[in-house]
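# Descriptive analysis of the structure
What follows is the residue order along each chain.
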Amino acid sequence: MLVQELLSIFGVLQKRPVIASIFAVKYANLLRMFEAEMDSCKEIFDKQAKVKMNYVVLHKNMPVIAGNLKWSQELRERILSQRNQFRHINHQSLHTKEANLAFQKCDRMLALIDNYDQQIYSSWTESLDAVCQANLNQPFLKWNEESGLYFVNFNPELSAVLREVKYLGLLKGFNITDVALNLYSKRAILDMCVGNWKLITDSYNKLHTCILEVEFPLVEHELKKINKQLRPATETLTWQTEDSWEYIQQTRKQMQDLNSRMQKIKYNVEAIHTIVHDWSHALFFLHNKYDCATLFLDKEEKMTKYYKFIQDGGESIHQLVEDNLHLFCADPQADEWKVYTEYIDRIILDGFYIIIKSFLQYLNECTETLPKSSPQFEVQLVLNGCELSFSPPLDLEKEDNFYDLIEELINDIYKMASKVKRVAKHLGIDNYQQEVYTMSDLAAMHQEIMKKVKRAVDKATKYQTSFDKYSYLWMNDQKEFMRQFLLYGRFPSSEELEVQADCGLPESPPQLEQFREQINIYETLYVQVSAFEDAHTFGWLQVCIKPFKLSLLNIIKRWSWIFKEHLLHRVVDSVNQLLSFITVTEEGIAEKVRDGDYTGLVQIMTHLMAIRDRKSAADDTFESLKETAELLKTCGQQLPEHVYAGLAELPEKWKNLTKIALTIKHEVAPLQSNEVSVIRRKCVQFETHRHIIKQEAEMHSLQETAKLFEVNVPDYKQLKQCHSDIVLLKSVWDMVFFIQTSIDDWTKTQWKQINVEQMDMELRRFAKEMKTLDKEVRVWDVYAGLTSMVKNMLTSLRALTELQNPAVRMRHWQELMNATGVGFIMDADTTLGDLLALQLYRLEEEVKNIVDKAVKEMAIEKVQLQNILMSKYVEYFFVDVCSWQKKLMITDLVISMWMEVQRTWAYLYSIFIGSEDIRNQLSEDAKQFDEIDLNFKDLMAMIVKTKKVIETTNNLGLLEKLEILQRRLTHCEKALAEYLETKRLSFPRFYFVSAMDLLEIISKEGQPKQAECWLHNLEETMRTTVQHEIMEAVAAYEEKPRDQWLFDYPAQVALTGTQIWWTTDVGIAFERLEEGFETALKDYNKKQIAQLNVLINMLLGELTHGDRQKIMTICTIDVHARDVVAKLIAQKATKGQAFAWLSQLRHRWDDHHRQCFINICDAQFQYSYEYLGNMSRCYITLTQSLHLTMSGAPSGPAGTGKTETTKDLGRSLGIMVYVFNCSEQMDYKSIGNIYKGLAQTGVWGCFDEFNRISVEVLSVVAVQVKTIQDAIRNKKKRFYFLGESIELKPSVGIFITLNPGYAGRTELPENLKALFRPCAMVIPDFELICEIMLVAEGFIDARQLARKFISLYALCRELLSKQDHYDWGLRAIKSVLVVAGSLKRGDRNSPEEQVLMHALRNFNLPKIVSNDVPIFLGLIGDLFPSLEVPQKKDFDLEQMVRQSISELHLQPEDNFILKATQLEELLAVRHSVFVIGVAGTGKSQVSEGTLVTSQAKPGGTWTE
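The text that follows walks through the structure, step by step, so that each part is easy to find.

### With respect to the packing of helix H6 (residues 128-136) against helix H8 (residues 178-185)
- Taken N-terminus to C-terminus, the directions of H6 and H8 make an angle of 35 degrees; their axes are 9 Å apart at the nearest point. Two secondary-structure elements touch here, H6 through Leu128, Asp129, Cys132 and Leu136 and H8 through Val179, Ala180 and Leu183.
- Here the residues of the contact of H6 with H8 are counted per class, giving six nonpolar, no polar and one charged.

What follows is the structure, given as structure tokens:
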């Protein structure tokens, strides 16, 4: 082939002799090749000829006949192409015999192919006419009687003919018969008919096959109509029927209508199945796939949501069933429809059955006790006061017990069947609950579960009784026990006390050994209880006893402490008293007594008697005190050092004192003898007729002297009785005088100023105090008269209360005067005395009748016009009443419109009249307002001429004029709003300013048109300046020490530079690690600590407020940086790709871009260079939401740092964060305007308590947020928002904070939730915060001190009593640390422990109640052992307090002064302080004394 083609192309070259000679020998080869090709074609032809009768398809996508003919055509073309190649060759070798034979073979081959084509075509055309006619006369459809299905009756032979004609036409050269051509000309119609009948039969067959038994009766009549419609297509109508298309279309439409409705019906039923399935899925989701720990968590809220979900689903099901009713075109009262609704009922009921069964199966599995299975439920054993109980309770008599909770949980699941109304209404049952309850297998499972719960509850209850032996610890009263113990040395039983009630139980104070036994008992008991297990398991139920265990340990410690405390006080007090006694006595007996010095002799004898009284027990006391001190020491309770010293010195001092006393006694013996005789003479001369007070004084003096000199004197009983009677008499007359004086003062009170309630309260108090007098005085006449006076006054006051009714007029007073016979003038000067002269206590009933009459008369005077119109007696007055009603209605409308116009006018007046810029910008509106202003003033001038309201407001046309003015004012207001919108669009930060503030800014600007440009330039300059400062600070960091460098730059720049260099230094450390320096990170950590210590020392010096705040902030960040590096060291991180490092907020400076970037994990942000002033702390959170183009949603309880975290993150990125407090009043427009400002400025917005906004508004807000997020994702420069094209800065961030579970909070819509990445906030680490703040206040050993600090507050929270004003939280910690910092800076040389202890003690003692003070001081002593910090006093302050107290005419009592100074000191560190205490403890006077002191101090600014 290739050779022949080459010859045809280059044949002309054969004329050249050389080339011709070369080719001459090749022609024979060409002939042989040609002949071989013919043989090959013959072989192919013979092979096909053998199978031609089977009509094998030889061409893909071609029918048999056309395919065979196409094959033969291709074979012919192959032969001819070979033969034609020789026509271009003119050589003698082609005219030889061999050549002729080869060409004859080619001709024979062509003849065979022509004959083959004729045979194939003839065999096809022979029966073509018969095939076409026979098949075209067949009906359209065939119906299978057995299956009831229809089939399209279009014979495949016709389809084959159509295909053959189509391809034979493409082959050409064949005369196609007329029958075939006629059939082919109808191919389009036939295709349409076949296709439509195919659709019709498929739809019918599918419907016939899939229809349910309950559905068939509802569509049976329609199926019959369709069968009737299809009958002609199976009998009379054939493929040759003319005008059958309309019939086909009509049939198809009828079939499509039914099929479409049935598809919707099937879809609706499937939707019902889905809804029922979703109920089960929702229950799993509700309880976290039935996690037992969540079953009781917020059960009510969850079940309410679940019931609402089921109710919504039930309503959807009813709607779907209603849709099916219309789709079936059924009669709701027909039996067929009722059967269908029962079928739907079964679907719903089966769904409920599956849900309840699966839940019961799960509970059954949870309550199974299996080997090695973990407990599924837990109850806690808790000690509430004096009651040991479970939480939840196991006692079946108590509310919300565990058994009832399980029962209620199951019933709640059952109850869901009541939330869906019955579909089959004809059954007369409201819902499905009744049938669910009657399902026996569910009831059996329910019963089995509750049996297992009851068994477990019984076991746990029995387990509880094992702790009854410890009940005395919490049942017994510790104070009463201690009182009894100190009396009897033990705690006697109640029976023993009853037996000895008459004669009294003999007292037997406890010895030291008994104290030791009691302390040992409780210490041993503490060890035993500490060994208790934290939880006990009963198969699937676990009892957690840890709360009870901790409470019991706390109680045991308190029992042990009361004995230690008593011994501690006894030792300290005894030692102090003895030492004081010895000192005073030594000084007293050292005085020399001269002859005749009676006073000196008495003093000496007094001291000698005191020594004599103590002498017998002195030695035992010393030994007992030493043993007690040793016992306390063995119990870990240390005594102050001066007590130990006193114990050692006491015996010797006492011995010396007794020796001196003996000597002094001998010296004064003669003087004592003389005084004895004098005393005896005085006893004889003593008489009782003199003044009783003097006699009593003389008697007491005589008795005391006789006792000193050991002389017996008589007992003067008559004198004592006389004294008692005088005291009682004085108390009665004192009360008479006080009550009479009070009533006399009241009688001078003017009638209008009488406070009956206050007087009544005072009289009742008088009566109560009278009852406290001794019973002996109640028979006295003076007491009876006093009682009568108070009683009559109370009765008179009740009458006065009635007379104070505003309905009482002068005529009623006159009537009262006539009844009493007492006359007076009733005016403003009338006093209570004038009214009491009426003796109202005798006329209480008459007064009540007169007042009732006055009230009813007043009711008649106040009858409303509307009530008059409704009266049946109004006919005479009807015209007047209607006129007045119309006038008053117009007056009301005019006044309302008047107020509205005046408010709008006053608002716009200051704007349009006072702002030249607005007048220029809104010239037309300004002119209109000038006209409005003129019209309004003219109208007001006209109105004020008439002083009467009704006449003025009913002036013809006034209301219409006011309405026109309001419409015009509204137009001006709208124009102003549009103008302000242009201002906001030109400078988007104006969106964060209210309209009034924005107007004020514009009106004060000298060149208002340039204000926006100036502000834009200011913003750009600010960013450029901050960027330049940061760049310079980073470059200069290594040029000088950091403690000098940070003073060269503002706080924001210094902090950012510090963080950039921290990232750089850590990166260098990692590089050195990779180079083989194993201590690189540790070395850098040491450098960090050294830098931090330098800053701490700087904080102790003199600094400006700004510099101190800057250094404290850097210290805070340095502590975090130090801890991060320490964590890297602990985790043995060796590369910069360690997650502990990648998860940090890392600042870096890019020299190429000259920008600061912040990286965290895989997110990167560019610093925004917003000037933010001093910065506080920085927390790492919410960055991934920004990286994913989402918004952040921190949620958690109050005080967990949601807003502060967002603000600090913004500060770290140099972005301004605007905080908006959300409320129910916010609508989508106001929020949209804020979003518009955020998007154009690129700043962040933090919306506090976002879920306070109503759900309707939140749904629209979700669309607004998504519009902004989509624009950021698509990297748009501008986008459409609220109907306007605005600029977009991609750094914009939207954050919301949520307080879950609070009143007035709504659930966020799902479309809004999807846009915000949630971030749960928890209570912060107090110890870490305390450590950081201690460092910031200048403490070196911050970690150890922070641990002690937090331990103290934790113990105080547990051990001290529960008081409403106690606060051991973060705010209290912050205040104490501020105090500690000021003390540290005030005394840099004091040990840090001492400074902190001083701050803790002085700051907390004022607020601790007296019963808790010993415990608090004991806790401080335990945490700061062997540390005594003397109480510092501000003598100047105390002196000022004393002066203030004297000015208030109060006594300067020590405790009062202490409280006043404490309050003054607290006010120095707290913005506000409240003073608490029971009545009469001096709260108001202490506050007033402190107030006076504060005002007297230099610079004092306190005001009351």
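There's plenty left to go through after this.
### Regarding the pairing of strand E15 (residues 1293-1296)
- Judged by which residues are buried, E15 turns out to be covered on both faces: Gly1293 and Phe1295 on one side and Ile1294 and Ile1296 on the other are all buried.
- Sheet analysis places strand E12 (residues 1244-1248) next to E15, joined by four bridges and oriented parallel. By the bridge assignment, Trp1244 is partnered in E15 with Gly1293.

### Considerations on the side chain of Gln1052
- By the secondary structure assignment, Gln1052 is in helix H41 (residues 1051-1075).
- Given the relative accessible area of 1%, Gln1052 is considered buried.
- Of the polar contacts made by the side chain of Gln1052, one reaches the side chain of Tyr1167; its length is 3.0 Å.

### Quick word on the pattern of salt bridges
- One pass over the structure, following the stated rule, counts 49 salt bridges.
- Note that Asp534 is salt-bridged to Lys549, the shortest N-O span being 3.2 Å. Here Asp534 is found in the loop between helix H20 (512-530) and strand E5 (535-538), whereas its partner Lys549 is found in helix H21 (residues 546-589), with 15 residues between them in sequence.
- Overall, the relative accessible area of 37% leaves Asp534 in the partly exposed class.
- Here Lys1087 ties to Asp1065 by a salt bridge, and the two come within 3.9 Å at their closest N and O atoms. With Lys1087 in helix H42 (residues 1080-1099) and Asp1065 in helix H41, this pair connects stretches of sequence that are 22 residues apart.
- Given a relative accessible area of 39%, Lys1087 falls into the partly exposed group.
- Note on Asp1065: relative accessible area 12%, which makes it buried.
- Connected via shared salt-bridge partners are Arg1122, Asp1123, Glu1331 and Arg1343.

### A short note on the sheet that holds strand E9 (residues 1163-1166)
- Strand order across the open sheet formed by three strands is E7-E8-E9, with antiparallel pairing between neighbours. Among the strands making up the open sheet, the edge pair consists of strand E7 (1146-1150) and E9. Averaged over all pairs of adjacent strands, the angle between strand axes in this sheet comes to 30 degrees, irrespective of strand direction.
- In the sheet, strand E8 (residues 1155-1160) pairs with E9 via four bridges, with the strands oriented antiparallel. Along E9, the bridge assignment pairs Ile1160 with Ala1163.

### What to know about helix H16 (residues 440-464)
- Helix length check: H16 (25 residues) gives 36 Å between terminal C-alpha atoms against 36 Å at 1.5 Å per residue, within 8%.
- By the burial criterion, the buried members of H16 are Leu442, Met445, His446, Ile449, Met450, Lys452, Val453, Ala456, Val457, Ala460, Tyr463 and Gln464.

### Examining the packing of aromatic side chains
- For the structure on display, the rule yields 55 aromatic pairs.
- Both rings, one in Phe515 and one in Phe563, keep their centres 6.3 Å apart while their planes meet at 75 degrees; by these two values the pair is edge-to-face. Placement of the pair is Phe515 in helix H20 and Phe563 in helix H21, with a sequence separation of 48 residues.
- With a centroid separation of 5.0 Å and an interplanar angle of 10 degrees, the aromatic rings of Tyr1037 and Trp1061 are classed as stacked. You can see Tyr1037 sitting in the loop between helix H39 (1011-1036) and helix H40 (1042-1045) and its partner Trp1061 sitting in helix H41, a full 24 residues away along the chain.

### What to know about the nonpolar core
- With 185 residues, the main nonpolar core has Trp197, Trp279, Tyr340, Ile344, Phe402, Leu473 and Phe563 as its most contacted residues.
- By residue number, the principal contributor to this core is H21, which donates 18 residues.
- Contact partners of Ile344, with chain neighbours within four places excluded, come to Val269, Ile272, Val321 and Val423.
- By size, the runner-up hydrophobic cluster in this structure holds 79 residues, among which are Trp1061, Cys1115, Leu1209 and Leu1419.

About the cut-offs
- Residues numbered from 1 in each chain as written.
- Predicted model: local features only at pLDDT ≥ 70, side-chain atom pairs only at ≥ 80, totals over all residues.
- Heavy atoms only, no water.
- Axes fitted to C-alpha atoms, helices over the stretch in contact; angles between N-to-C directions.
- Helix = DSSP H or I, 4+ residues; strand = E, 2+ residues; numbered from the N terminus.
- Contact = heavy atoms within 4.5 Å.
- Nonpolar A, V, L, I, M, F, W, Y, C, P; charged D, E, K, R; others polar.
- Buried < 20%, exposed > 50% of the residue type's maximum accessible area, 1.4 Å probe, protein only.
- Pairing = 2+ DSSP bridges.
- Polar contact = N/O pair within 3.5 Å; in protein donor to acceptor, adjacent residues only side chain to side chain.
- Salt bridge = Lys/Arg side-chain N within 4 Å of Asp/Glu carboxyl O.
- Expected span 1.5 Å × (residues − 1).
- Phe/Tyr/Trp six-rings, centres within 6.5 Å; stacked < 30°, edge-to-face > 60°.
- Core = buried A, V, L, I, M, F, W, Y, C linked by side-chain atoms within 4.5 Å.

Limitation: the analysis is restricted to geometry and does not speak to function.
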